[in-house]
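Inside the fold
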Amino acid sequence: MKNKFKKLFLSFLAATSLFLVACGTGVNPATSGGIEVFPEDQDRILRIASFTNEALVLATAFAGENPDIEIDFTEITMQGGEYQNWLMPLLALGGDVPDVIFLEAEFIRQFVESPFLGNMNSLLPYVDYVDTFPFVVEAGMHNGEARAFSFQATPGVMYFRRSMAREYFGTDDPSFIQELFSTPESTLDAGRVIRDASGGTTFLVSSANEFFRGFAAGRRDPWVVDNTLTIDPLMMYFIDFARILNEENLQAQVDQWSGEWFQGMDDNLINAHGQPIRIFSYLLPTWGLTYVLMDNAPSTFGDFGVIESPLPYHWGGTWIAVTRDARNPNLAREFVRWATLNEVTLERWATGYFSNEFLRAIDPSLPSDLGRGPGDFVSSRNVVNRISNYFEDTDAYNFLGGQNPYEIFGQLAPNVSLRLMQGTDAAIGDEWQDAVGAYLEGQIGSVQELLQSFRNAVRVILPDLNIN
Amino acid sequence: MNTKNKKLVKDYWGYIFIAPFIIIFIIFALYPIANTFFLSFTNANIIHGMPGNIIGFNNFISLFNDPMFIRALQNTWLLWLGNFIPQMILALVLAAMFSSTTFKLKGTGFFKAIYYLPNLLMPVTVAALFQHYLTLHGPINSFLVGTTGLMSEPRNFLQFATDTRFTVMFIQTWMWFGQTAIVLVSGMTSISPSYYESAMVDGASQTRMFFKITLPLLKPVLLFVLVTSLVGGMQMFDIPLLLSDGPLGPPDMSVLTMNMFMRARMNHPANAIGSAAAVSVILFFISSFVALILFRVFRTDEQKQQKKQRRVETNG
């Protein structure tokens with residue numbers, strides 16, 4: 001009896017594993033041989049997965065223009081990598097695969113370099129037509145295949161406080177302030193002036209990590225070269241820079257995205273001694289203005305100005321891709337074209353046309369906080385040039401004390417290069433920042449130990465990488 | 001012949017009744033476990049190849065040669081012992097007071113509920129709360145530096161290994177002592193009061209009764225608490241991950257547990273399912289082995305008692 005049961009059980013196991021193996025080996029014609037083929041769509045349901053409800057704004061507007069389609073939207077937070085860790089196995093092992101997926105800059109390369117995205121080379125002519133910033137297209141390319149496009153471009157800038165600039169530098173003229181923050185060294189000097197003039201109650205930045213992206217963007221080599229972990233000299237310089245910021249009390253020791261970081265924007269940060277402390281500048285990209293500063297700093301409205309970062313950088317951005325196993329590849333591709341390579345859509349996106357009223361007129365069941373205000377910086381140079389004047393006298397313009405954010409973004413966007421962008425950037429960069437943070441606080445005693453701790457960490461997250 | 005037939009029919013219905021459980025168990029528990037064992041011997045990788053090639057014990061060998069995995073193993077034990085011991089002491093004291101017939105505390109139900117409350121909170125909330133408390137400009141620093149002057153300078157607690165470890169242990173203790181106390185109370189109240197009555201007649205003190213009556217008779221419940229806590233502790237994940245706010249438990253991997261290590265291997269950028277499965281298998285064997293030892297320790301005691309009793313009976 002026992003034996004019989006054992007046999008039954010084993011054959012059951014064998015059967016299930018065979019079944020699962022059989023499911024995993026289906027070959028999809030859409031990408032075989034790198035040639036784009038167009039299989040037929042199965043239905044008119046557009047299945048979209050994303051990490052924010054931005055995607056739902058676009059999808060609803062798309063459905064508004066195409067009343068015969070239905071939207072099936074899945075939103076999963078990307079906090080702690082939840083979205084990526086849900087999506088990658090789903091694409092790899094099969095299941096209810098979405099047609100369209102939204103990808104963030106932090107993990108776009110991981111997906112673009114995987115075999116799970118569909119080829120969209122047929123959309124490349126539209127890139128010239130709307131004049132998309134080259135780096136935006138570059139980020140979604142792999143082996144000559146266009147696999148993702150974006151509606152945004154997200155160069156990084158430095159937002160500073162005008163009242164503090166007047167107090168410590170005598171003027172809040174952005175061109176004058178820009179001179180002070182032209183190099184990392186001059187930035188430290190300006191930070192010292194702020195510290196001395198304020199008696200140590202005003203800090204240049206919240207933390208050294210605000211500058212990390214700038215240093216990372218200026219490197220000669222990316223983190224991984226020929227499957228070997230590479231630490232660029234500029235990363236070593238970042239350690240020195242961070243150490244100076246820390247030792248000389250130029251940073252407030254406030255982590256990005258912490259409650260105190262937001263309090264700092266709004267000028268209500270108090271230290272452990274009960275004294276108010278202030279933060280002079282925030283290094284954020286285009287979306288930092290509309291999504292972060294304007295939302296969280298009501299009491300400092302109009303007191304911000306914007307200049308170029310002493311170290312140019314790029315941060316974030318959302319790309320849209322079609323999955324290899326999409327059930328409706330044509331509809332999905334049409335959605336990507338409509339959302340990212342279409343001047344009408346991009347202009348509407350940037351100028352706040354997709355308001356809550358607009359979206360609820362299409363689908364009354366949508367929540368009352370879904371909608372898109374004006375101000376996001378879009379990927380098409382044609383649109384940027386055309387609507388730049390639109391932003392004069394908008395909220396974003398007044399928030400910046402009468403500075404047009406579109407102008408400075410437009411100047412910076414053509415210079416962004418994503419040459420160093422790799423799928424492992426976020427994971428390795430976070431470990432670097434953690435190691436530097438522990439070193440600054442004295443948990444790690446020396447730079448040698450810092451490097452050892454960093455290499456150990458990378459060995460955990462990338463076991464197949466050569467690490468000397 | 002007739003009787004044999006009847007027997008068969010009975011068996012058949014029995015199988016039908018247990019079938020739903022067996023089927024669900026096989027699909028959702030047995031198959032995944034068996035598959036994890038299989039994957040642990042392969043170099044399966046989500047992006048580069050599923051189900052991968054069989055590479056023998058290579059995953060296990062490289063794990064045991066990896067100082068970071070050894071650190072994760074040590075951290076896991078340290079964090080578990082560091083929360084289980086105080087939690088157990090606290091829970092035993094509370095349970096003894098709650099169930100004591102001489103103290104006759106009022107409102108025990110209320111306190112039981114209060115002590116149980118932390119367990120109802122989401123780990124995300126708890127971690128965010130403590131993270132906020134412990135920042136450089138946060139309430140604990142302003143209390144220690146500003147209000148009371150106990151410290152001259154604020155301390156960035158979560159940037160130090162010891163502080164972070166201590167916080168994890170504290171949170172785990174705080175979240176679980178109420179739950180453990182309630183289980184122990186139910187164990188204690190099931191002990192027949194006649195033992196205590198006769199002990200009191202003989203003039204035994206509270207402490208003596210606790211060590212000589214309560215603890216020995218509580219052994220089955222203690223075993224349950226110990227084993228469930230062990231299994232949970234070996235899989236400790238959410239609080240260390242969320243509190244330290246990094247996949248590898250910074251600063252310097254001080255709160256990196258085996259489960260976090262496993263997930264770091266499984267998730268991007270490693271995507272190394274084979275290696276992650278090997279960590280799970282090691283975790284499985286450690287938990288089973290230690291649980292088995294615990295069962296042995298507790299069972300032999302019972303058997304000894306039974307043997308003694310039998311001897312007394314036969315002699316008497």
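Our subject is the structure that appears above.
Residues numbered from 1 in each chain as written. Chains lettered and ligands numbered in written order. Predicted model: local features only at pLDDT ≥ 70, side-chain atom pairs only at ≥ 80, totals over all residues. Heavy atoms only, no water.

So, on to the interface of chain A and chain B. Residue-level contacts link 43 residues of chain A with 39 residues of chain B. Of all residues in chain A, the largest losses of buried area upon contact with chain B belong to Ala272, Gln443 and Val460 of chain A, amounting jointly to 18% of the total for that side. At the surface where chain A touches chain B, the tally comes to 13 residue pairs in polar contact (both at pLDDT 80 or more). The set of elements that each furnish at least two residues to the side of chain A that touches chain B consists of α1 (2–24), α3 (82–93), α20 (425–440) and α21 (447–461) of chain A. (Contact = heavy atoms within 4.5 Å. Buried area = accessible area lost by both parts, 1.4 Å probe. Polar contact = N/O pair within 3.5 Å; in protein donor to acceptor, adjacent residues only side chain to side chain. Helix = DSSP H or I, 4+ residues; strand = E, 2+ residues; numbered from the N terminus.)

Packed helices, taken two at a time, are described by the angle between their axes plus the distance between the axes. Residues and elements named next belong to chain B. Running from N to C, helix α8 (residues 193–201) and helix α9 (residues 206–217) cross one another at 165 degrees; their axes reach a closest spacing of 11 Å. One finds that α8 runs roughly antiparallel with respect to α9. In terms of crossing hand, the pair formed by α8 and α9 is right-handed. Only Met209, Ile213, Thr214 and Leu217 of α9 make contact with α8, whose side of the interface consists of Tyr195, Tyr196, Ala199 and Met200. Class assignment for the residues of the contact of α8 with α9 results in 7 nonpolar, 1 polar and no charged. (Axes fitted to C-alpha atoms, helices over the stretch in contact; angles between N-to-C directions. Parallel < 35°, antiparallel > 145°, perpendicular 65-115°, else oblique. Left-handed = near helix turned anticlockwise from the far one by under 90°. Nonpolar A, V, L, I, M, F, W, Y, C, P; charged D, E, K, R; others polar.)

The next subject is the sheet that holds strand β3 (residues 100–104) of chain A. Residues and elements named next belong to chain A. Within the open sheet, the 5 strands sit side by side as β2-β1-β3-β15-β6. Their pairing is mixed. Of all strands in the sheet, those with a lone pairing partner are β2 (70–75) and β6 (149–150), marking the two edges. Against the sheet, helix α14 (residues 329–340) touches β1 (45–50), β3, β6 and β15 (318–322), its axis set at about 155 degrees to β15. (Pairing = 2+ DSSP bridges.)

Another aspect to go through is the pairing of β15 of chain A. All names here are of chain A. Counting buried positions along β15 gives 5 out of 5 residues, so the element sits mostly inside the fold. Across the two faces of β15 the burial is the same, with Thr318, Ile320 and Val322 and Trp319 and Ala321 all buried. Alignment of β3 against β15, held across 5 bridges, turns out to be antiparallel. Considered in β15, the bridge of Glu104 is made with Thr318. Note: β6 against β15, 2 bridges, orientation antiparallel. Each bridged residue has a counterpart across the sheet, and for Ser150 the counterpart in β15 is Trp319. (Buried < 20%, exposed > 50% of the residue type's maximum accessible area, 1.4 Å probe, protein only.)

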